[in-house]
Amino acid sequence: MVHPVLSHNLFNISMGIYLFCFLGYLIFTASQKRILGMISTFLLTLGWVIHTLGLVFRWIETHQTGYGYIPLSNMYESLIFFSWAIVLIYLIIEMIYRQKVIGVLVTPFAFFSIALTSIIPGVEPKITPLIPALQSNWLTIHVTTCFFGYAAFAVSFGISLLYLIREKKETSHWLPSISFLDEINYKSIVIGFPMLTVGIITGAAWANYAWGSYWSWDPKETWSLITWFIYAAFLHARFTRDWRGRKSAILSIVGFAAVWFTYFGVNYLLSGLHSYL
C-alpha cells in the first residue's frame, strides 16, 4: 500500500481552482462583466490541465509501485475522474455555445467530487493492488464510458436547474433563454446516453469475463438499468411527443438523482459485486 503525494497535491490544487472558478462565474453572472467570465474560463482550463497532469502522475505512480493500472479502480479514483470529465464536457459546451453562465451550476460538481475524497469515510488516495475482478482491460472501457455519461448528465442537471430558475423568474435576463437552455439540456443527454449505453454493454461483457454471467441483477447493474430507462424515456418523449421545457428539465433532474444513487447509494446502502467501488 502506497500513499502518493504528487498526484494527490495536484488534485487538491485543481479542486481549489474549481472553487475559485465557481465564485468567478457567480460574480460574472451577477455583474455581467465580460472580463470576469474570461478569467473564470481561463482558470477552469488551467485547473483542468493540472487535474489532467494529476491523473497522468497517478497512473505513473501505480506503475512505480509495481501494480500498474489505469487509475479508475476505486471510489477515490472514480471521484477524481468524474470531476475531470465534468469539466471537460462543460468546457466543450462553453466553447461551442459561448454561455459562461452555465458554469455557475457545473463547477460546484467538479469541486465537490474532489472534496468528497476527503469527506467520505474510507476513501483514501492510497494505491493498492487490484482485486482479480478488476484485472482486465474491460475496466478502462467500462468505467470511462460510464463516467463520461455521468458527467454529461451532471451538466444537464445543472442546466435543468438554470432552466427552472429562468422559467420561474422571467425577468432574469442574465440567464440564457429558456429555449436555449432546453436545447443544451437535450444535447447534454444526447452525449451522455450513448456513453452510458456503451458502459452498460461493456460492463456486461466484463461481468461475463469476471464472474461467468453477463447479467446477475446486482444492485449496481439494476440501478444502472433504471437510470438508462429514465434517460431513454427522456429521449423517447422528445422524439415522439416533442417533450420540451419544464417536463424535460424535471425528468433530467430525476435522471441525475438516479445517477447519484447508482454511484453512491448502491455502494453504501446495498451490498453486491460492485461493493469494492
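Residues numbered from 1 in each chain as written. Predicted model: local features only at pLDDT ≥ 70, side-chain atom pairs only at ≥ 80, totals over all residues. Heavy atoms only, no water.

Draft legend 1. Molecular detail of the overall build of the protein. From N to C terminus, the protein includes eight helices and zero strands. Secondary structure elements in the protein, listed N-terminal to C-terminal, are α-α-α-α-α-α-α-α. Relative to the compact-globule value of 19 Å for 277 residues, the protein shows a C-alpha radius of gyration of 19 Å, a close match. Taken along the three principal axes of its C-alpha coordinates, the protein extends 55 × 45 × 30 Å. The buried share among the 277 residues of the protein stands at 53%. Within the protein, contacts between residues separated by at least 24 positions form 81% of all contacts whose residues are at least 6 apart in sequence. (Helix = DSSP H or I, 4+ residues; strand = E, 2+ residues; numbered from the N terminus. Rg over C-alpha atoms; globule rule 2.2 N^0.38 Å. Buried < 20%, exposed > 50% of the residue type's maximum accessible area, 1.4 Å probe, protein only. Contact = heavy atoms within 4.5 Å.)

Draft legend 2. Up close: the environment of L72. Here L72 lies in the loop between helix 2 (34–64) and helix 3 (75–97). It is 28 Å that separates the C-alpha atoms of L72 and I102, two residues lying 30 residues apart in sequence. Among residues more than four places away in sequence, those in contact with L72 are E77, F81, L139, T140, V143 and T144.

Draft legend 3. Geometry of the layout of surface pockets. There is about 170 Å³ of room inside the second largest pocket. The wall of the second largest pocket is formed by T41, T45, W48, L88, L91, I92, E94, M95, R98 and K100. Listed by contribution, the elements that provide at least two residues to the lining of the second largest pocket are helix 2 and helix 3. Of all the elements, helix 3 adds the most residues to the lining of the second largest pocket, at five residues. Taken together, the residues that form the lining of the second largest pocket break down as five nonpolar, two polar and three charged. (1 Å grid on protein atoms, 1.4 Å probe; cavity = no way out; pocket = protein on both sides within 12 Å on 5 of 7 lines; lining within 4 Å. Points joined across faces, edges and corners; volume = space filled by probe spheres on them. Nonpolar A, V, L, I, M, F, W, Y, C, P; charged D, E, K, R; others polar.)

Draft legend 4. Region of the structure containing the environment of F229. Note that F229 resides in helix 7 (residues 219–240). On a C-alpha basis, the gap between F229 and F193 in space is 9.9 Å, while along the polypeptide they are 36 residues apart.

Draft legend 5. Structural context of the packing of aromatic side chains. Summed over the entire model, instances satisfying the criterion amount to 25 aromatic pairs. Each ring, one from W48 and one from W84, has its centre 5.4 Å from the other, and the planes form 20°; the classification is stacked. Of this pair, W48 sits in helix 2 while W84 sits in helix 3; the two residues are 36 residues apart in sequence, bridging distant segments of the chain. Looking at W48, the relative accessible area reads 19%, which means it is buried. Taken together, a centroid distance of 4.5 Å and an interplanar angle of 55° make the contact between W223 and F261 tilted. Here F261 lies in helix 8 (residues 246–269) and W223 lies in helix 7, a separation of 38 residues in the sequence. Given a relative accessible area of 27%, W223 falls into the partly exposed group. Residue F261 is classed as partly exposed on the basis of its relative accessible area, which comes to 25%. (Phe/Tyr/Trp six-rings, centres within 6.5 Å; stacked < 30°, edge-to-face > 60°.)

Draft legend 6. Just the nonpolar core, in detail. Y18, L44, F82, W84, I102, F256 and Y263 are the most contacted members of the largest nonpolar core, which totals 76 residues. Those elements giving two or more residues to this core turn out to be helix 1 (6–31), helix 2, helix 3, helix 4 (103–115), helix 5 (138–168), helix 6 (178–211), helix 7 and helix 8. No other element matches the 15 residues that helix 3 contributes to this core. Once residues within four sequence positions are removed from consideration, L44 is found in contact with Y18, C21, Y25, V87, Y90, L91 and T107. (Core = buried A, V, L, I, M, F, W, Y, C linked by side-chain atoms within 4.5 Å.)

Draft legend 7. Layout of the side chain of S113. Mapping S113 onto the fold places it in helix 4. Polar side-chain contacts of S113 include one of 2.8 Å to the backbone oxygen of F109. Leave out the neighbours within four places in its chain, and S113 touches L79, F82, S83 and I86. (Polar contact = N/O pair within 3.5 Å; in protein donor to acceptor, adjacent residues only side chain to side chain.)

Draft legend 8. Looking closely at unusual backbone geometry. With a phi close to 60°, Q32 is a non-glycine residue in the positive phi region. Tracing the backbone through its elements, the reader meets Q32 in the loop between helix 1 and helix 2. The backbone of R98 shows a phi angle near 55°, a positive value even though the residue is not glycine. Residue placement: R98 occurs in the loop between helix 3 and helix 4.

Purely geometric numbers; function is a separate question.
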